[in-house]
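Here's the letter readout for the chains.
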Amino acid sequence: MAIPTDDSADGDSGDDDDSGIPATAVAIPATVWVAYKESSRFSAFFWIILLICFGSIATCVYIVRELFYLSPHQHISLIIFSKSDRQVLQSP
């Protein structure tokens, strides 16, 4: 008698992601944001590859990195904008 070696024999689809949000729904906005924020194509490409490979961890590292670029008197919402747009928003 043969023993089934296929994991789907027990009814499990093999999908262990229970978050309900597909990874592409998170990755696409993050990659667009990084491409907008980065000043060079090389650095944008580098960060997008990291986001694709490492997902949420790379996103957290990128956000922390961007937080360190803010000066103490700048509002945290400025993290959304690129450096050139930040200067335009803060000029009187």
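Everything here concerns the structure above.
Quick summary incoming for the structure in this document. If you're wondering where the values come from, they're calculated on a predicted model, not measured in any experiment.

1. Details of the overall build of the protein chain
A count of helical and extended segments in the protein chain gives four helices and zero strands. The order of helices and strands in the protein chain, counted from the N terminus, is α-α-α-α. Within the protein chain, the fraction of its 92 residues that count as buried is 21%. Taken as a whole, the protein chain presents about 7300 Å² of accessible surface, with 67% of it coming from carbon and sulfur.

2. Here we look at the side chain of Lys 37
Within the secondary structure layout, Lys 37 lies in helix 1 (residues 23–37). Owing to a relative accessible area of 8%, Lys 37 belongs among the buried residues under this scheme. Here Ile 79 takes part through its backbone oxygen, which lies 2.9 Å from a polar atom of the side chain of Lys 37. Within the structure, Lys 37 has its side chain in polar contact with the backbone oxygen of Phe 81 (distance 2.7 Å).

3. Topic: the environment of Leu 67
Assignment of secondary structure puts Leu 67 in helix 3 (residues 56–69). With relative accessibility at 35%, the residue Leu 67 sits in the partly exposed group. Through-space distance from the C-alpha of Leu 67 to that of Ser 77 is 10.0 Å; in sequence the pair is 10 residues apart. Filtering out sequence-adjacent residues up to four positions away, Leu 67 remains in contact with Ile 76 and Ile 79.

Cut-offs and rules
- Residues numbered from 1 in each chain as written.
- Predicted model: local features only at pLDDT ≥ 70, side-chain atom pairs only at ≥ 80, totals over all residues.
- Heavy atoms only, no water.
- Helix = DSSP H or I, 4+ residues; strand = E, 2+ residues; numbered from the N terminus.
- Buried < 20%, exposed > 50% of the residue type's maximum accessible area, 1.4 Å probe, protein only.
- Areas by Shrake-Rupley, 256 points an atom, 1.4 Å probe, with all protein chains shown as cover.
- Polar contact = N/O pair within 3.5 Å; in protein donor to acceptor, adjacent residues only side chain to side chain.
- Contact = heavy atoms within 4.5 Å.

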